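Here are the chains, one letter per residue:
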Amino acid sequence: MSHDGVGPRAVMRSVAFLTAGVLAVPALAGCSEKDPAGKPTAGQEIAPAERGQIADGGTLRWAVDALPETLNAFQADADAATSKVAGAVLPSMYRLDANGRPQRNPDYLESAKVVDREPRQVVLYKLNQQAVWSDGREIGAADFAAQWRALSGKDTAFWTARNAGYDRIEKIERGANDLEVRVTFSKPYADWQSLFSPLYPKDVMGTPDAFNDGARRKLKVTAGPFALDTVDKDSGEVRLKRNPRWWGRPAKLSELVLRAVPRDKRTAALAEGKVDLAEIGSSEAHRITLAARDKGKGNGAPLAHGPGAALTPGKSLRSWAIAHGSDEEAADEEILARKKRGKAVAKYADEQSSLRGFEVRKSLEPAFTQLALNGEEGPLADERVRRAVARALDREELARVVLKPLGLPAEPVGSHLALSGQQAYADNSGALGGQDTKEARALLADAGWVSGGPVKEEQKEKKAAGAGASKEPAGSEASEASQTPAGSDSDADSDTDEGSASSEDSGSSGSSSTSDGSDGSDSSTTSGSSDSSSSSDTSDSSGDDGTYIVGEDGKPGDDKPGENRAPALLVPAPLAELQRVALLDQAYVLGVHSQAEKAQKAKKQKAGKKQRIGKKQQAETENQRKKDGPGTSGKVEKNLAHEGRTQFQHGGAPGAYAPKGTAAPGRVAAGPLAKNGKPLTLRFVLPSGPGSQSLRAVGERIARMLEGIGIRTEISKVADESYFKDHIASGQYDLALYSWPASAFPATDARPIYSKPVPAADGSLNVEQNYTRVGTDQVDQLFDQAIAELDPGESRSLVRKADARIWAAAGSIPLYQRPQLTAARTNLANAGAFGFQTPLYEDMGFLKKGAKPQVSPSS
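Every chain is numbered on its own, with residues counted from 1 as its sequence reads. Totals for whole chains, interfaces and linings use all residues, but because this is a predicted model, local features are given only for residues with pLDDT of at least 70 and pairs of side-chain atoms are given and counted only at 80 or more. Excluded from the side-chain calculation are hydrogens and water; included are all heavy atoms of the structure.

1. Quick look at the overall build of the protein
Part 1 of the argument: Assigned secondary structure in the protein consists of 23 helices and 27 strands.
Part 2 of the argument: Across the 859 residues that make up the protein, the buried fraction comes to 53%.
Part 3 of the argument: Per-residue accessibility takes into account occlusion by the displayed protein chains alone, with areas from the Shrake-Rupley method and a 1.4 Å probe. With an accessible surface of roughly 37,300 Å², the protein has 48% of that area assigned to carbon and sulfur atoms. Only DSSP runs of H or I with at least four residues qualify as helices, and only runs of E with at least two residues qualify as strands; both kinds are numbered from the N terminus onward. Type-normalised accessible area, obtained with a 1.4 Å probe on protein chains alone, sets the label of each residue: buried when under 20%, exposed when over 50%, and partly exposed for intermediate values.

2. Some details on unusual backbone geometry
With the exception of glycine, most residues fall at negative phi, and the peptide bonds are largely trans.
Part 1 of the argument: For the peptide bond that leads from glutamate 118 to proline 119, omega is -5°, which places it in the cis range.
Part 2 of the argument: Locating proline 119 in the fold gives a position in the loop between strand S4 (109-116) and strand S5 (122-127).
Part 3 of the argument: Of note, the bond from serine 197 into proline 198 is cis; its omega dihedral lies within 30 degrees of zero at 5°.
Part 4 of the argument: Tracing the sequence through the fold places proline 198 in the loop between strand S7 (180-185) and helix H4 (202-205).

3. Focus: the pattern of salt bridges
Part 1 of the argument: Definition used for salt bridges: Asp or Glu carboxyl oxygen within 4 Å of a side-chain nitrogen of Lys or Arg. Counted according to the given criterion, the structure contains 33 salt bridges.
Part 2 of the argument: The residue glutamate 842 makes a salt bridge to arginine 249 at a minimum N-O spacing of 4.0 Å. Taken together, the positions of glutamate 842 in the loop between strand S26 (828-829) and strand S27 (845-846) and arginine 249 in the loop between strand S9 (237-242) and strand S10 (255-260) put the pair 593 residues apart, joining distant regions of the chain.
Part 3 of the argument: Assessed through its relative accessible area of 40%, arginine 249 is described here as partly exposed.
Part 4 of the argument: Here the salt bridges do not stand alone but share partners, grouping Arg51, Arg249, Glu842 and Asp843 into one network.

4. Observations concerning helix H9 (residues 328-355)
Part 1 of the argument: Helix span, as expected, comes to 1.5 Å for every residue beyond the first. A rise of 1.5 Å per residue sets the reference length of H9, with its 28 residues, at 40 Å; its end C-alpha atoms lie 40 Å apart and thus fit the reference within 8%.
Part 2 of the argument: Looking only at H9, the buried set comprises Ala331, Glu334, Tyr348, Glu351, Gln352 and Leu355.
Part 3 of the argument: In this description, contact between two residues means that some pair of their heavy atoms is separated by no more than 4.5 Å. Contact partners of the buried residues in H9: helix H6 (266-271), helix H7 (282-293), helix H8 (313-323) and strand S12 (358-373).
Part 4 of the argument: Put simply, aspartate 327 is the residue that caps the front of H9, since its side-chain oxygen is 3.3 Å from the backbone nitrogen of glutamate 329. For the purposes of these results, a polar contact is taken to be a pair of N or O atoms within 3.5 Å, where, inside protein, one atom must be able to donate a hydrogen and its partner to accept one; residues adjacent in sequence count only when each atom of the pair is a side-chain atom.

5. Focus on the side chain of glutamine 75
Part 1 of the argument: Checked against the element boundaries, glutamine 75 lands in the loop between strand S1 (59-64) and helix H2 (80-89).
Part 2 of the argument: Classification of glutamine 75 by relative accessible area gives buried; the value is 5%.
Part 3 of the argument: Separated by 3.1 Å, the side chain of glutamine 75 and the backbone oxygen of asparagine 212 make a polar contact.

6. Looking at the sheet that holds S7
Part 1 of the argument: Paired strands, as defined in this entry, are two strands with at least two bridges between them according to DSSP. As summarised here, the arrangement of the four strands in space is S4-S5-S7-S6, forming an open sheet in which the pairing is antiparallel. The outermost strands of the open sheet, each flanked by one partner alone, are S4 and strand S6 (169-174). With direction set aside, neighbouring strand axes in the sheet form an average angle of 20°.
Part 2 of the argument: Strand direction decides the pairing type here: S6 and S7, joined by five bridges, are antiparallel. Every angle, taken between N-to-C directions, lies between 0 and 180 degrees, and every axis is a line fitted to C-alpha atoms, over only the stretch in contact when it is a helix.

7. Here's the deal with the sheet that holds strand S19 (residues 678-679)
Part 1 of the argument: Strand order across the open sheet formed by three strands is S13-S18-S19, with antiparallel pairing between neighbours. A single partner strand is all that each edge strand has here, and the edge strands are strand S13 (450-451) and S19.
Part 2 of the argument: Sheet analysis places strand S18 (residues 673-675) next to S19, joined by two bridges and oriented antiparallel. In the strand pairing of S19, alanine 674 is matched with proline 679.

8. Regarding the confidence of the model for the protein
Part 1 of the argument: Confidence along the protein averages 77 in pLDDT terms, with 69% of residues attaining 70 or more.
Part 2 of the argument: Confidence scores here are pLDDT values: one per residue, from the predictor, ranging 0 to 100. In this model residues 481-604 is a low-confidence stretch, pLDDT under 50, and it forms 273 contacts with partners more than four residues away in sequence or in other chains.
Part 3 of the argument: Contacts of residues 625-669 to residues separated by more than four positions or lying in other chains number 116 contacts, the stretch itself having pLDDT below 50.

9. As for the packing of H7 against H9
For any two helices packed against each other, one specifies the inter-axial angle together with the distance between the axes.
Part 1 of the argument: It is the contact of H7 with H9, at a shortest axis distance of 8 Å, that shows an interaxial angle of 80°. As the angle between them shows, H7 and H9 are arranged roughly perpendicular. Between H7 and H9, the contacting residues are Arg287, Ile288, Leu290 and Ala291 on the first element and Tyr348, Glu351, Gln352 and Leu355 on the second.
Part 2 of the argument: Three classes are used: nonpolar for Ala, Val, Leu, Ile, Met, Phe, Trp, Tyr, Cys and Pro, charged for Asp, Glu, Lys and Arg, and polar for all others, with Gly counted as polar. For the contact of H7 with H9, the class distribution of residues is five nonpolar, one polar and two charged. Any angle from 65 to 115 degrees is called roughly perpendicular, while one under 35 is roughly parallel, one over 145 is roughly antiparallel, and all others are oblique.

Below, the structure is given as structure tokens:
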């Protein structure tokens, strides 16, 4: 599990399997039109090329986050680098194709099939007669048996991460000859193809000491296209070399080096020529794209981006004047600043020049981001409230926020257990239903949360519902409270195409008020709070620091008692970008374009004079709106003076700021939802690290969507290193965003994520990996049936039924498949954004001079 750039070390066997423990095949598996699994949402981009076009030799330097703590993929601290090493140097009986479906690996396996079902399931493996370990010994039953014993869970001296599948084996024995291995199961196991990938030699699996410690830093015996050469902690490199005993197609590369490079250092590492292949973020991808665009301009041409882009001729002249002026102190400071700026501009230009040798290859990861709802206690313990949260979400918009700026298909994920293209995939989101604000509000009302109900005032300390009611754990950096009413968020289509969603995190959304949490305390401000300072009534109306309730101060503009009065709305005084854009949009809709213009003229004539808009003016307004479109900066924007303080009549735009006495917008939900004197407020925990901008942008969109049905959210931004351990795993959240990998074997790998938590002996709740604490007996039963069903079609049907019930329980809401961006040298072939498919290491290499790669299917 992970969120963008943050998460625990590998805790699932499927993580290792999907990232590098399986190899790729060049052809797509066929998908019929009636197949609900469909095809992958995005194809891979690896610059495919025939082996004859690739030069023999060369070293590929591949960036990884860190050196692997262990080379044993079955230990708890195995990570992605562990999987890359295992995929290059160890056998795998099955590997995934581009659809994420398991295929037999002919380099090791001639055939494998179920030969008996009664009284026991028996699988017969026939091995490739050329398959040998690097010490010359044949791969055989002894290796299979040693791995089974180590991973069966019967001997606790082996420090294993998981035992799934191996614990169902009864015995392993030699077949008719040394090339046959018979595996007998004590219980039927549908996912038997997941086993023995990767396969370690008996030297590693034979004893607890060898398993626990012997394979952490070295692998003396291997059996892949590459062999382990060195692991150098000082240089931060794992070096692999060609395996001279490899019986398959020889590796094109002479060496494959995995180099530890932190994410924030990868642009520099690429520019300095230290790596040839690296996963990158959207900002790095944007720089590489700009470098390619500038390629034809020549090295001497000034760049229209970077640290020198903001220096206009006017600013440059002013800087020169100060540097040569009579004020010596100011001149010295300006001269120093000019030198620093000049160095930064030169460094940036040099990096951009070097980055022209790279290109961005993009696809979608075999992983999806979800909204998790902690159902252990609080409002979200009620399934109706969880369902209401889910029905408030526009998942298509959330997918667009992240994927559209990157040029990737923005399609919501329709399953918890598989992704489009995988065999078990089917869109089961209909079991919960799509976005429906009316239905969401009805669910909340049925759960007893009513609008405008009495709310008990709390002193200073604000506690979020559910797990957030406990003491704030360490690591919290800042909190925000959702403030914006429904309808105030701008169209996702207005996102920039610069390959970055970071603008969503710039604070322009206006969905929340942020408190400075730099001191480590949780100084959040909960929206809908009734404990605003009494000084707000006496503060100057021109100030920006007050908070007040529109329409509830008894000033002119309030409706008379007994009339249909618009509800009160708590809004902050400072203007935020999104609310300004929303005001423009609503101004068009309500026909106040001309009203705003006339209000400016009326100020010069007679204060308080009311203006009316005739039919002709309304028609002109509508024509102008069609011409400019919502959210554009036309005349309305120019006339909305004084940072949104211009007074509008009752029924104005939701999200608008207005002076005291202005009635609240009529479309806003009638006050905060409350039950038993408590407001409906949920604590939304998000990571604060630099690599999580898009995740925070999605979180802020979600907060605004929930505001539309009366649910307030308190956003807490916490340190990346504490996000999982102190919040997700410990249950200290109501709402959170994080990702899960998609497994080719969901009946095995997904069960711990969605199984019903059970009380442990010490009174705590054993949740396994179900961090939402939401589960049902029916889901568990369907998983049990699917794992024991040896008919593949029937097993997949049971998995899909389980997924439909998971949707209905609304413990987690899949949102979108995660983007996969890779920087690669332009002459590097058969490597890049692999999607589901993992690499054929022996085919990776650099193109011969003059050779060109084939066109990728996704191009």
